[in-house]
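Letter by letter, the chains look like this.
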Amino acid sequence: MLAERAPDSTTADYLHEAFEPTARAIDGLEKALAAVGLLDDALALDLRRPQDYFGKVWSTAFRVRDLADARDGDDAA
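Residues numbered from 1 in each chain as written. Predicted model: local features only at pLDDT ≥ 70, side-chain atom pairs only at ≥ 80, totals over all residues. Heavy atoms only, no water.

Chemist: Quick question: what am I supposed to make of the overall build of the protein chain here?
Modeler: Scanning the protein chain for helices and strands turns up four helices and zero strands. When each of the 77 residues of the protein chain is scored for burial, the buried share is 19%. At a minimum sequence separation of 6, the contacts of the protein chain that also span at least 24 residues come to 55%. (Helix = DSSP H or I, 4+ residues; strand = E, 2+ residues; numbered from the N terminus. Buried < 20%, exposed > 50% of the residue type's maximum accessible area, 1.4 Å probe, protein only. Contact = heavy atoms within 4.5 Å.)

What follows is the structure, given as structure tokens:
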């Protein structure tokens, strides 16, 4: 969303690059949640304050690196 409102393409490219690891981790989280049948429940949550939910997920169940890797290969989840 920030990149879409960037004043120029250089800034937009920088923002996309800066947030790419986060996007990969979210993709991996979605894959991991889908694998255990929880993706629909997770998507239905009110995440206006995602740190309230994701802080617990990051610290108790999934390592960020594993989530990022899960997006890249079918056998990592």
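There's more to say after this.
Chemist: How do you make sense of the pattern of salt bridges when you look at a structure like this?
Modeler: Between side chains of opposite charge, a pair can form as their charged atoms come close. Enumeration according to the criterion identifies one salt bridge in this entry. A salt bridge links Arg24 to Glu20, with the shortest nitrogen-to-oxygen separation between them at 3.9 Å. Remark: Glu20 and Arg24 occur in helix α1 (residues 9–35); sequence separation between them is four residues, near one turn of the helix. (Salt bridge = Lys/Arg side-chain N within 4 Å of Asp/Glu carboxyl O.)

Chemist: Help me understand the confidence of the model for the protein chain, please; the structure alone is not making it clear to me.
Modeler: Interpretation of this model should avoid reading the predicted coordinates in detail wherever pLDDT is low. Summary statistics for the protein chain give a mean pLDDT of 76 and a share of 64% for residues scoring 70 or more. Of all secondary-structure elements in the protein chain, the lowest mean pLDDT belongs to helix α3 (residues 50–60), at 62, while α1 reaches the highest, 88. (pLDDT = per-residue confidence, 0-100.)

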